[in-house]
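Take a look at the letters that make up each chain.
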Amino acid sequence: SQESITAINLPMIEIINAVEFSLIEKAYGRTEMPPKHWIPVNEQRFFSAMSSAVPTCDVAVCKWQSGSALNNNFGLPYLTGLLMINSLETGLTLAIMDATWITAKRTAAASAVAIRHLARTDADVVGIIGCGIQGRMHVEAILAIWPKIRQLRAYDILPTSLDRYCTEIQQTQGLNVVSCNNAREVAAGAHVVITGGPIEPNAQRVMESGWLEKGALGIAIDYDCYWKPSAMHAVDQFFTDDIIQMEHLKEYGYFAD
């Protein structure tokens, strides 16, 4: 259950290092990871399956999940799902577990790996667009590798979520949090900007060319759903851990340009 997984209390820095290790294994061709199996039910809900085999760890893994902004109406997180782990030696299932925790932690940990290697060395202002679970997890992950953060700039389309988030982060992390009125205010002066809006192919993309500061790092955990094509074309360098996966998602209306 999610409760039993949470009770392990695995430190975020260990998760970040594990994600980095896995990315290195993948880069050297020592993993098998086909493109994500994607089922869009409608414009507001999708199902997806992610599978991989990591021989170094002696396991194969499959995560089956669903995501929708409508989940908030049911008191559920944006993403819900299950994770299965199998032994490479016997093929037997070693564990079936709730995937909410690992999705929240691993997503933020992957961003932390990117920040560790791609952000300016003097980066100390972070922008968060989307103040849900990922907005919280990303603060935890960034502080694990970048404790010198001077300011956090935040925005959410729901004012109540933004107010709750700013108060919580200030109280729990002691950060200077600036509540912003829109996405452009978040990007102004930020060295790292993380967008975490709903993943919907027809999302209203708002990030424009020129909003990012020179030398800033933009991290889109929502595919391109917050970024206009012109904004992505304007960057100096574009990184992904899986080009085939990106090309595959174009079939469903993401990264079309």
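Fair warning: this is a prediction, and the values are worked out from it, not measured in the lab. (Residues numbered from 1 in each chain as written. Predicted model: local features only at pLDDT ≥ 70, side-chain atom pairs only at ≥ 80, totals over all residues. Heavy atoms only, no water.)

Bringing helix α3 (residues 100–118) into the picture now. A rise of 1.5 Å per residue sets the reference length of α3, with its 19 residues, at 27 Å; its end C-alpha atoms lie 27 Å apart and thus fit the reference within 8%. If you check which residues of α3 are buried, you get T100, W101, T103, A104, K105, T107, A108, A109, S111, A112, V113 and I115. (Helix = DSSP H or I, 4+ residues; strand = E, 2+ residues; numbered from the N terminus. Expected span 1.5 Å × (residues − 1). Buried < 20%, exposed > 50% of the residue type's maximum accessible area, 1.4 Å probe, protein only.)

Attention now goes to the sheet that holds strand β10 (residues 217–220). If you trace the five strands from one edge of the open sheet to the other, you get β8-β7-β6-β9-β10, paired in parallel fashion. Single-partner strands in this sheet number two, and they are β8 (177–179) and β10. Between one strand and the next, the sheet's axes are offset by a mean angle of 15°, whatever the strand orientation. Here strand β9 (residues 192–195) pairs with β10 via four bridges, running parallel. Paired with T195 across the bridge in β10 is A220. The strands touched by α3 are β9 and β10; relative to β10, the strand with the most contacts, the crossing angle is about 165°. Along the sheet, helix α5 (residues 159–173) contacts β6 (125–129), β7 (151–155) and β8; its crossing angle with β7, the most-contacted strand, is approximately 160°. (Pairing = 2+ DSSP bridges. Axes fitted to C-alpha atoms, helices over the stretch in contact; angles between N-to-C directions. Contact = heavy atoms within 4.5 Å.)

Within the largest apolar cluster, 36 residues are counted, with the highest numbers of intra-cluster contacts made by I16, I115, V126, L152, Y165 and V192. Elements with a minimum of two residues in this core: α2 (12–27), α3, β6, α4 (133–145), β7, α5, β9 and β10. By residue number, the principal contributor to this core is α3, which donates seven residues. Once residues lying within four places of it in the same chain are set aside, the contact partners of I16 are A109, A112, V113, R116, A141, A144 and I145. (Core = buried A, V, L, I, M, F, W, Y, C linked by side-chain atoms within 4.5 Å.)

Distances and angles like these do not, on their own, reveal function.
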